[in-house]
Amino acid sequence: MIAAVGTPVVGCTDPALSVPDHLLSVCSGTIGDAAEAVPAVAGARPPDADVLADAVGPVGGSAARLLDSWARAARPRRH
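About the cut-offs
- Residues numbered from 1 in each chain as written.
- Predicted model: local features only at pLDDT ≥ 70, side-chain atom pairs only at ≥ 80, totals over all residues.
- Heavy atoms only, no water.
- Helix = DSSP H or I, 4+ residues; strand = E, 2+ residues; numbered from the N terminus.
- Buried < 20%, exposed > 50% of the residue type's maximum accessible area, 1.4 Å probe, protein only.
- Areas by Shrake-Rupley, 256 points an atom, 1.4 Å probe, with all protein chains shown as cover.
- pLDDT = per-residue confidence, 0-100.

**Re the overall build of the protein**
At step 1: On a plain count of helices and strands, the protein comes out with four helices and two strands.
At step 2: Taken from the N to the C terminus, the helices and strands of the protein come in the order β-α-β-α-α-α.
At step 3: The 79 residues of the protein split such that 14% are buried.
At step 4: Carbon and sulfur atoms provide 58% of the accessible area of the protein, an area that totals close to 6000 Å².

Structure (structure tokens):
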């Protein structure tokens, strides 16, 4: 799974798949049927900062640098 930090994620899972808990933990919710996607996305919220930090984890400071870069890119620009 690849997603920008701070972007809500809805996981669509299949019972035949084994999805690691650390991936599910960053999902705002999970669905088992694509028909549930629109309402799930409409109600999706980013995970708590501690959950996100636990899932992303530090790798020699690269995680913090990547998060900072994404946060700057995600901020609305004021004109």
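**So, the environment of Ser-25**
At step 1: Of note, Ser-25 is situated in helix H1 (residues 21-25).
At step 2: The exposure class assigned to Ser-25 is partly exposed, which follows from its relative accessible area of 34%.
At step 3: Residues Ser-25 and Val-51, spaced 26 residues apart in sequence, show a C-alpha to C-alpha distance of 6.9 Å.

**Looking at the confidence of the model for the protein**
At step 1: Across the protein, pLDDT averages 80, with 85% of residues at or above 70.
At step 2: The spread of mean pLDDT over the elements of the protein runs between helix H3 (residues 49-56), the lowest at 75, and helix H2 (residues 37-42), the highest at 90.

**Remarks on the environment of Val-9**
At step 1: Take Val-9: it is sitting in the segment before strand E1 (10-12).
At step 2: The spatial distance from the C-alpha of Val-9 to the C-alpha of Leu-24 is 9.4 Å, given a sequence separation of 15 residues.

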